[in-house]
Amino acid sequence: MKVVIQRVTKASVIIDNIKVAHIEKGLLILLGIVNDDTQEDIKWLSNKIVNLRIFSDENEVMNKSLLEIKGDIIVVSQFTLHASTKKGNRPSYIKAAKPDIAIPLYEAFVKQIEQDLGKKVQTGQFGADMKVELLNDGPVTIIIDSKNKE
C-alpha cells in the first residue's frame, strides 16, 4: 500500500457536484493498493498514520499526532499512485490492484484507521470521478509505502 498524506486545514470530496466528504484540521489520505497488500500492511500503515507527529505543538514544532490534536481524516482511493512511467509517455497502471482485490482492502483500511483513530473517517467513493479540494497546511505532504518501511 502506498499513501500520500497531506496535512490540511480543510479538505473535501465532490462527486457529481455533491460534497460527499468534508473535514477541517486533519489529514487527506490518497491510498493506492497493489495485489499483494495484506491486513498486515493495513495495520502497520494505519498505526503509522494516526501516530505520525506532523502537527505543531505550542512551540510551533511538528511534535503532535493526529490522535493528540483530535483531527479528522478523508481517505480517497487513488490507483494512479502505482503508475509506472518507465516506458513511453503514457503511464501504466498494471501494478494497481483490480477492484475485486482493491475494494475489500480499501474498506478494511478505512475500518482499521477508524478503529485506531477512535472515530468515523470520511471517504470518497471507490472508482468514482472525484473532485478533491484541499488547503494544504505547511505545506506538509508525506509519502509512505508499506513495502518500503523506511
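Residues numbered from 1 in each chain as written. Predicted model: local features only at pLDDT ≥ 70, side-chain atom pairs only at ≥ 80, totals over all residues. Heavy atoms only, no water.

Student: Sorry, what's going on with the packing of aromatic side chains here?
Tutor: To describe a pair of aromatic rings, one takes the distance between the centres and the angle between the planes. As enumerated under the stated definition, the model contains two aromatic pairs in all. A ring pair is formed by Phe79 and Tyr93, whose centres lie 5.0 Å apart and whose planes are at 75°; its orientation type is edge-to-face. With Phe79 in the loop between strand 6 (72-77) and helix 3 (99-117) and Tyr93 in the loop between strand 6 and helix 3, this residue pair connects regions lying 14 residues apart in the sequence. We classify Phe79 as partly exposed; its relative accessible area is 47%. (Phe/Tyr/Trp six-rings, centres within 6.5 Å; stacked < 30°, edge-to-face > 60°. Helix = DSSP H or I, 4+ residues; strand = E, 2+ residues; numbered from the N terminus. Buried < 20%, exposed > 50% of the residue type's maximum accessible area, 1.4 Å probe, protein only.)

Student: Can you walk me through unusual backbone geometry in this structure?
Tutor: Residues apart from glycine generally show negative phi values, whereas peptide bonds are mostly found in trans. Pro139 follows Gly138 through a cis peptide bond whose omega is 0°. Summarising the element assignment, Pro139 is placed in strand 8 (residues 131-145). Phi angles above zero are rare outside glycine, and Lys70 is one such case at about 55°. Residue placement: Lys70 occurs in the loop between helix 2 (66-69) and strand 6. For Lys70, a relative accessible area of 65% puts it in the exposed group.

Student: Can you walk me through the pairing of strand 6 in this structure?
Tutor: Where a strand is regular, its side chains alternate between the two sheet faces. Of all six residues in strand 6, five are buried, a share of seventy percent or more. Here six bridges tie strand 3 (residues 26-32) to strand 6, and the two strands are oriented parallel to one another. Pairing of Leu30 across the sheet is with Val76, part of strand 6. Between the parallel pair strand 6 and strand 7 (residues 122-123), the chain is carried across by helix 3, and the sense of this crossover is right-handed. (Pairing = 2+ DSSP bridges. Right-handed = clockwise from strand over helix to strand, strands pointing away.)

Purely geometric numbers; function is a separate question.
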